[in-house]
Amino acid sequence: MELVAEPHDGFLAIRVEGDRIDAASAIRFKDRMRELTQGGQGRVVLDMARVSFLDSSGLGAVVAAMKALGRERPLELSGLTPTVQKVFRLTRMDSVFTIHPSLPGGLRHVS
Amino acid sequence: MSADCIPAAPDTWTAAAGFSLVLPGTPLGVRDALDRAMAAPCLADLSDMARGSLWIVLAEVLNNVTEHAYATARGTIVLRLWRFESGVAAEVVDHGAPMPGLELPAGRLTDIDSLPLEDLPEGGFGWFLIRTMTDWLIYDRVGQQNRLRFCMECA
């Protein structure tokens, strides 16, 4: 699982390249989030449009990343696929995050 | 095979499984097993929604085995799935440590509404998800084995 950071106007977008954030990749996810956000400022938007699956370890890793960024640097989410959305909704974590249908400003990466 | 996913039906757990696999009780073993299970021909007709729910529940159940039952000693897990007209039945067997108190965790969700950012839970979601998404769930310690059986209705 790889994360790619792209500076945008007003926020840092971090795109998850892998198709899942699970128990096998949760620690790697947290480490990469820390590396990519070190020393920066402003809000961070995690683009999860390519993530088709997230388990409770993956959810915990996303929550941990938000906590590590702190109050001054909100972590927002974008592009939740249906199964990922379900995990956020059932655990009510969808009430904790600002969730965008796609990257703000229509700046979604096209490849 | 009976028309309903009725766990009490005598043939529910003795019929030939639609899918069965022995997997290593490791995170990567679980990931690979989930890919294989979700590609099983017997599940091909499931809706995307039902497929997603089954994927989540199987992941939580199997990850629980690797993290707890096999916390100190590695072992294998046997996964079997049956497709019924009205849903899916699953059996997960391991040779690891028993559930504390020989009972399934309650799986209550922490009330996050009033919690400050730094106190938000980073875990404890697994059994809540399993209990929420299954329609029937039972755990037995059979000899030196843990046996978890569940049904999900998804006609």
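Before reading further, recall that the structure is shown in the block above.
Because the structure is predicted, anything quoted here is derived from the model rather than measured. Within every chain, residues take consecutive numbers counted from 1 along the sequence as written. Key to labels: chains lettered from A, ligands numbered from 1, both in the order written. In view of the model being predicted, local features appear only for residues whose pLDDT reaches at least 70, and side-chain atom pairs are presented and counted only at 80 or more, with totals across whole chains, interfaces and linings using the full set of residues. Side-chain figures throughout are based on the complete set of non-hydrogen atoms in the structure, without hydrogens or water.

> Go over helix α2 (residues 48-69) of chain B with me, naming the residues and quoting the values.
Taking 1.5 Å per residue, 22 residues should reach 32 Å; α2(B) reaches 31 Å between its end C-alpha atoms and fits that length. Summary of the burial criterion: residues with accessible area below 20% of their type's maximum are buried, those above 50% are exposed, and those between are partly exposed, where the area comes from a 1.4 Å probe applied to protein chains only. Labels follow the DSSP assignment, with helices taken as runs of H or I lasting at least four residues and strands as runs of E lasting at least two, numbered in each case from the N terminus. Counting buried residues along α2(B), 18 of its 22 residues qualify, which places the element largely inside the surrounding structure. One fewer than the residue count of a helix, multiplied by 1.5 Å, yields its expected span.

> Kindly report on empty space enclosed by the protein, identifying the contributing residues and their values.
Each cavity reported here is a set of points on a 1 Å grid over the protein atoms alone in which a 1.4 Å probe fits but cannot get out, each pocket an open set with protein on both sides within 12 Å along at least five of seven lines, and each lining residue one with an atom within 4 Å of a point. Grid points are joined across faces, edges and corners, and a volume is the space filled by probe spheres set on the points. On inspection of all chains with the given rule, the structure shows two cavities of 30 Å³ or more. Polar here means any residue other than Ala, Val, Leu, Ile, Met, Phe, Trp, Tyr, Cys and Pro, which are nonpolar, and Asp, Glu, Lys and Arg, which are charged; Gly is therefore polar. Residue composition of the lining of the largest cavity, by class: four nonpolar, four polar and one charged. In this model, the second largest cavity occupies a volume close to 40 Å³. The wall of the second largest cavity is formed by Asp22(A), Ala23(A), Ala24(A), Asp55(A), Pro27(B), Val30(B), Arg31(B), Leu34(B) and Asn63(B). Top element by residues in the lining of the second largest cavity is helix α1 (residues 27-38) of chain B. It accounts for four residues.

> Talk me through the sheet that holds strand β1 (residues 3-8) of chain A; I want residue IDs and the actual numbers.
Paired through backbone hydrogen bonds, the strands of a sheet run either parallel or antiparallel to each other. Residue and element names in this part refer to chain A. A pair of strands is treated as paired once DSSP finds two or more bridges between them. Ordered in space as β1-β2-β4-β6-β7, the five strands form an open sheet in which the pairing is mixed. Across the chains shown, the open sheet's two edge strands, defined by having one partner strand only, are β1 and β7 (99-100). Sheet topology note: the strand β2 (residues 11-16)/strand β4 (residues 43-47) ladder contains five bridges and is parallel. If you follow Phe-11 over to β4, its bridge partner there is Arg-43. Whether two residues are in contact is decided by their heavy atoms, any of which lying within 4.5 Å being enough. Note on geometry: axes are lines fitted to C-alpha atoms, helical ones only across the stretch in contact, with angles between N-to-C directions running from 0 to 180 degrees. Against the sheet, helix α2 (residues 56-69) contacts β4 and β6 (75-78), and its axis sits at roughly 145 degrees relative to β6.

> Residue-level account of the nonpolar core, with values.
Most often, soluble globular proteins have nonpolar side chains that are buried together. Membership of the largest hydrophobic core comes to 76 residues, with the highest contact counts inside it found for Phe29(A), Leu46(A), Met48(A), Val62(A), Leu75(A), Phe88(A) and Leu58(B). Top element by residues in this core is α2(B). It accounts for eleven residues. Ignoring anything within four residues of it in the chain, the contact list for Met48(A) reads Val16(A), Ile21(A), Leu54(A), Leu77(A), Ser78(A), Gly79(A), Leu80(A), Thr81(A) and Val84(A). In these notes, a set of buried Ala, Val, Leu, Ile, Met, Phe, Trp, Tyr and Cys residues joined through side-chain atoms within 4.5 Å is what counts as a nonpolar core. Ranked by size, the runner-up nonpolar core spans six residues in total, among them Trp13(B), Trp82(B), Ala89(B) and Cys151(B).

> Hey, could you go over the sheet that holds strand β3 (residues 87-94) of chain B for me, with residue numbers and the actual values?
Residue and element names in this part refer to chain B. What the five strands build is an open sheet, ordered β1-β2-β3-β5-β4; its pairing is antiparallel. Each edge of the open sheet is held by one strand with a lone partner, namely β1 (19-24) and β4 (136-142). Strand-to-strand twist across the sheet, computed as the mean angle between neighbouring axes with direction ignored, equals 15 degrees. For β3 and strand β5 (residues 145-153), the ladder comprises eight bridges, and the chain directions are antiparallel. Among the inter-strand pairings, Gly-87 is bridged to a residue of β5, identified as Glu-153. Each of β2 (76-84), β3 and β5 is contacted by α2, which is oriented at about 165 degrees to β5, the strand it contacts most.

Interpretation in functional terms is not warranted from these geometric data alone.
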